[in-house]
Amino acid sequence: MTSSTPTLAMRVLRAPRGRRPRFLYLASVVVLGAVVLAAIFAPFVAPYDPDAVDFTSFLAPPSAAHWLGTDSLGRDLLSRLVYGGRTALIGPLLVVLFSTVLGILLGLWAGWRGGWIDAALSRMFDVLFAFPSLLIAIMAVALFGKGLVAPVIAMSIAYAPFVARLTRSLVMAERSRPYVSAYRVQGFGGGWIASRRVLPNVTPIVGAQSTLNFGYVLAELAGLSFLGLGVQAPTADWGAMINEAQSGVAAGQFLPAIAPAIAVVLVVVCVNIIGEELSDRIGGGNPS
């Protein structure tokens, strides 16, 4: 299979930090900050109750009363989009936090101890790598029921090996540095050196790389909600909104589906740009 010519967007994202337009990073920070603030202060930002049904305004077009129009139940689309940002963002945030903490602990243990512990944990990571995170989330929903809790726990476990593998590589590199030997000569224990000196050195790099997982998790959780396996009605969620808009698409009303889809894409792109910039600043490229 021949490789296609990279698009302009991919060339921009893959460019070294010195050549990457800085306005992309600044714009991403502003857009993502605005989305987060709107979600936090949704009761003050949204013009209507997101669950309020108006039987006289089914699939109404954008107007002064409803800036983005209404959905198939007459609910204000802008209000549901703002409130939907809460569930759309909190799930990926929890997954990134849990998977990062778990991955750092496992990677630190494997990289510092080595030997059979490293071998056993590495084989466990390999097994988890064989299962896509979305498949693990669907299995969790099948076992524990629909909602946000089961997919968040399942995806945290699925993404932890990626963090652990990076942490393990960084810890093994740090373990051979002179300052570690100097602490050993002074009589400091291995646990103290690993937790108090090695861990603070690798955490910023791992954290910057973990930021990139946020966008992937957001898209996957939105996909689960679209399939009806994630956040359940009537709770506003971007993925669920796309699912609910299918009847409107059949009637020629595309905005109820396009608006949440654009929100998902916009947040994913902004998070990826910010994550790439942070990784470049910290110098956290993936170790070979």
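This text goes with the structure placed above it.
Residues numbered from 1 in each chain as written. Predicted model: local features only at pLDDT ≥ 70, side-chain atom pairs only at ≥ 80, totals over all residues. Heavy atoms only, no water.

(A) Quick peek at the packing of helix H4 (residues 77–113) against helix H9 (residues 190–226). For the pair H4 and H9, interaxial distance at closest approach is 7 Å and the crossing angle is 145°. Read as a crossing pair, H4 and H9 show a hand that is right-handed. Here the residues of the contact of H4 with H9 are counted per class, giving 18 nonpolar, 6 polar and no charged. (Axes fitted to C-alpha atoms, helices over the stretch in contact; angles between N-to-C directions. Helix = DSSP H or I, 4+ residues; strand = E, 2+ residues; numbered from the N terminus. Left-handed = near helix turned anticlockwise from the far one by under 90°. Nonpolar A, V, L, I, M, F, W, Y, C, P; charged D, E, K, R; others polar.)

(B) Expanded view of the layout of surface pockets. If you add up the space inside the second largest pocket, you get close to 330 Å³. Forming the boundary of the second largest pocket are 16 residues, of which Leu32, Val36, Leu89, Leu93 and Phe214 lie nearest the centre. Elements represented by at least two residues in the lining of the second largest pocket include exactly helix H2 (22–40), H4, H9 and helix H12 (255–282). When its residues are assigned to classes, the lining of the second largest pocket shows 12 nonpolar, 3 polar and 1 charged. (1 Å grid on protein atoms, 1.4 Å probe; cavity = no way out; pocket = protein on both sides within 12 Å on 5 of 7 lines; lining within 4 Å. Points joined across faces, edges and corners; volume = space filled by probe spheres on them.)

(C) Up close: empty space enclosed by the protein. For the structure shown, the criterion picks out 2 cavities of 30 Å³ or more. Looking at the largest cavity, its volume works out to about 70 Å³. Around the largest cavity, the lining residues are Thr87, Ala88, Pro92, Leu148, Leu218, Leu221, Ala222, Ser225, Val231, Asp237, Trp238 and Gly239. Those elements that provide at least two residues to the lining of the largest cavity are H4, H9 and helix H10 (238–244). When residues of the lining of the largest cavity are assigned to their parent elements, the largest contribution, 4 residues, is made by H9. Taken as a whole, the second largest cavity holds about 40 Å³ of empty space. Surrounding the second largest cavity, Asp71, Leu77, Arg80, Met241, Glu244, Ala245 and Pro256 form its lining. Within the residue set of the lining of the second largest cavity, elements represented by two or more residues are H4 and H10. Among the residues making up the lining of the second largest cavity, the classes are represented as 4 nonpolar, no polar and 3 charged.

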